[in-house]
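Here is what each chain is made of, one letter per residue.
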Amino acid sequence: MEPASGVNGTTVTEFILLGLVETPGLRPAVFVLFLLAYLVTVGGNLSILAAILVEPKLHTPMYFFLGNLSVLDIGCITVTVPSMLGRLLSHKRTVPYAACLSQLFFFHLLAGVDCFLLTAMAYDRFLAICRPLTYSTRMSPMVQMILVAVSWACAFSNALTHTVAISTLNFCGPSVINHFYCDLPQLFQLSCSSTQLNELLLFGLGVLMAGAPVILIVTSYIHVAAAVLRIHSAEGRKKAFSTCGSHLTVVGIFYGTGVFSYMRLGSVEASDKDKGVGILNTIISPMLNPLIYSLRNPDVQGALRRVLKGKRAFA
């Protein structure tokens with residue numbers, strides 16, 4: 001479904017993605033590096049999912065959300081990396097207009113769910129540490145499912161709004177995107193019609209999609225920190241902080257790269273920096289998440305060992 005000349009004034013039917021490197025000699029090395037990164041990310045997140053399934057100790061709300069996060073991490077890297085690898089192999093850098101908008105939609109859908117899921121995980125830690133007596137009823141399986149469903153619904157609305165809004169813009173050339181995937185800031189730069197409304201929309205929805213979750217996460221952890229500091233046992237404090245520390249690390253990486261990507265709209269000279277942020281956001285972050293969550297967690301480490309040995313734990 002390519003736009004023809006005369007439909008919304010759009011004449012561009014495909015975009016040219018420059019990718020990460022323009023030097024032909026470096027492309028094989030980039031291909032191998034990112035193929036390995038993709039396989040490690042998918043393998044690591046599938047291992048976390050398998051560990052959660054086989055270990056009864058991990059059948060808790062926190063790990064239910066972590067399992068969902070692993071699915072999102074696989075999705076996020078799959079939306080961007082395989083198509084980039086395909087272009088490196090084929091030496092074809094063109095992307096059809098419809099494919100570019102589809103990639104944009106799915107990227108914002110998955111990233112949006114990530115925002116709300118990280119918030120649900122913070123709320124889970126708040127209830128577990130600050131409201132332990134009512135935790136099982138307040139974080140029942142039904143509540144968990146509702147939180148995940150609402151996350152998907154809100155993220156779908158956000159992604160659809162941006163995709164429809166950008167489809168109304170005119171693209172009449174140039175059509176070169178100095179990036180390795182299609183995203184809003186780069187497409188704004190190519191539009192030959194006003195993007196002011198789109199940028200306001202990105203800012204407004206960004207406040208709702210990222211600002212509100214950040215406020216909720218920070219509020220949850222202020223209460224958690226106060227509760228943990230009241231724990232007399234040093235071992236108890238260490239255990240509480242270790243589970244929260246992993247989550248806060250992931251939150252910091254995710255929101256840090258997101259703010260850097262979208263709060264500097266209209267900066268053409270920053271495109272090469274954007275590629276670095278894009279790598280961090282779409283590749284490094286999903287690759288690190290399994291490591292972050294398993295590094296200091298003996299239950300996850302034990303479950304992973306059983307997965308690798310082909311054994312199943314029984315309660």
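Residues numbered from 1 in each chain as written. Predicted model: local features only at pLDDT ≥ 70, side-chain atom pairs only at ≥ 80, totals over all residues. Heavy atoms only, no water.

Student: Even after reading the chapter, I still don't get the overall build of the chain, so can you show me in this structure?
Tutor: Looking only at helices and strands, one finds ten helices and three strands in the chain. For the chain, the succession of helices and strands along the chain, N to C, is β-α-α-β-α-α-α-β-α-α-α-α-α. Computed over the C-alpha atoms, the radius of gyration of the chain is 21 Å, within 12% of the 20 Å expected from 2.2 N^0.38 for a compact globule of 315 residues. When the backbone C-alpha atoms are referred to their principal axes, the chain occupies close to 65 × 40 × 30 Å. The buried share of the chain, reckoned over its 315 residues, is 48%. (Helix = DSSP H or I, 4+ residues; strand = E, 2+ residues; numbered from the N terminus. Rg over C-alpha atoms; globule rule 2.2 N^0.38 Å. Buried < 20%, exposed > 50% of the residue type's maximum accessible area, 1.4 Å probe, protein only.)

Student: Would you take a moment to explain the state of the cysteines for this structure?
Tutor: As used here, a disulfide is simply a covalent bond connecting the sulfur atoms of two cysteines. Per the stated rule, a full pass over the model turns up two disulfides. Linked covalently through their sulfurs, Cys100 and Cys182 form a disulfide whose S-S length is 2.0 Å. Between Cys100 and Cys182, the S-S dihedral sits near -120 degrees, and the bridge is therefore left-handed. Here the residue Cys100 occupies a position in helix H3 (residues 97-130), and Cys182 occupies one in the loop between strand E3 (176-177) and helix H6 (184-190), the gap between them amounting to 82 residues. Both residues of the pair, Cys100 and Cys182, belong to the buried class. With its sulfur 2.0 Å from that of its partner, Cys172 forms a disulfide with Cys192. In this pair, Cys172 is assigned in the loop between helix H5 (141-167) and E3 and Cys192 in the loop between H6 and helix H7 (196-229), connecting sequence segments 20 residues apart. (Disulfide = S-S within 2.5 Å.)

Student: Whenever I open this one, the UniProt feature "transmembrane region" (unreviewed entry) in the chain confuses me. Can you help?
Tutor: When the UniProt feature table is mapped onto this chain, "transmembrane region" (unreviewed entry) is found at residues 29-54, 63-85, 105-123, 143-161 and 200-229. In this annotation, residues 29-54 is assigned 100% helix and 0% strand; the end-to-end C-alpha distance for the span is 37 Å. (UniProt positions renumbered as here; feature names shortened; annotations may be inferred.)

Student: Looking at this structure, I do not really get the layout of surface pockets. What am I missing?
Tutor: Unoccupied space between atoms shows up once a probe the size of one water molecule is rolled over them. One number sums up the size of the largest pocket: a volume of about 620 Å³. Lining the largest pocket are 25 residues, and of these Met62, Tyr63, Lys239, Thr243 and Asn297 sit closest to its centre. (1 Å grid on protein atoms, 1.4 Å probe; cavity = no way out; pocket = protein on both sides within 12 Å on 5 of 7 lines; lining within 4 Å. Points joined across faces, edges and corners; volume = space filled by probe spheres on them.)

Student: Please clarify how the nonpolar core should be interpreted in this entry.
Tutor: The nonpolar side chains of a soluble globular protein tend to be buried with one another. If you look at the biggest cluster of nonpolar residues, it comprises 66 residues, and the most contacted ones within it are Leu66, Leu118 and Val224. Within the residue set of this core, elements represented by two or more residues are helix H1 (27-54), helix H2 (61-90), H3, H5, H7, helix H8 (234-262), helix H9 (271-295) and helix H10 (298-309). Looking at which element gives the most residues to this core, the answer is H3, with 15 residues. Counting residues in each nonpolar core, the second largest holds 18 residues, with Phe15, Leu169, Phe171 and Leu184 among its members. (Core = buried A, V, L, I, M, F, W, Y, C linked by side-chain atoms within 4.5 Å.)

Student: Any chance you could explain the packing of aromatic side chains here in plain terms?
Tutor: The geometry of an aromatic ring pair is captured by the separation of the ring centres together with the interplanar angle, meaning the angle of the planes. One pass over the structure, following the stated rule, counts ten aromatic pairs. Centre to centre, the rings of Phe15 and Phe171 are 5.4 Å apart; their planes meet at 90 degrees, and the pair counts as edge-to-face. One end of the pair, Phe15, is in strand E1 (residues 14-17); the other, Phe171, is in the loop between H5 and E3, and 156 residues separate them in sequence. Take Phe15: its relative accessible area is 0%, and that puts it in the buried class. Pairwise contacts between aromatic rings join Phe15, Tyr97 and Phe171 into one cluster. (Phe/Tyr/Trp six-rings, centres within 6.5 Å; stacked < 30°, edge-to-face > 60°.)

Student: Explain empty space enclosed by the protein to me, please; I cannot follow it from the model alone.
Tutor: As enumerated under the stated definition, the model contains three cavities of 30 Å³ or more in all. Forming the boundary of the largest cavity are Leu17, Leu18, Gly19, Leu20, Val21, Arg27, Val30, Met84, Arg87, Leu88, His91 and Arg93. Residue assignment for the lining of the largest cavity shows that the elements contributing at least two residues are H1 and H2. With three residues, the top contributor of residues to the lining of the largest cavity is H2. Taken as a whole, the second largest cavity encloses approximately 90 Å³ of empty space. Asp73, Asp114, Phe254, Asn281 and Ser285 are, among the 13 residues lining the second largest cavity, the residues nearest its centre. Its residues assigned to classes, the lining of the second largest cavity shows eight nonpolar, three polar and two charged. (Nonpolar A, V, L, I, M, F, W, Y, C, P; charged D, E, K, R; others polar.)

Student: Looking at this structure, I do not really get the pattern of salt bridges. What am I missing?
Tutor: Tallying each qualifying case throughout the model produces two salt bridges. Its salt-bridge partner being Glu55, residue Arg306 comes within 1.9 Å of it at the nearest N-O pair. Of this pair, Arg306 sits in helix H10 while Glu55 sits in the loop between H1 and H2; the two residues are 251 residues apart in sequence, bridging distant segments of the chain. By relative accessible area, which is 27% here, Arg306 ends up partly exposed. For Asp124, the salt bridge identified is with Arg125, shortest N-O distance 2.9 Å. For the pair Asp124 and Arg125, one class covers both residues: buried. (Salt bridge = Lys/Arg side-chain N within 4 Å of Asp/Glu carboxyl O.)

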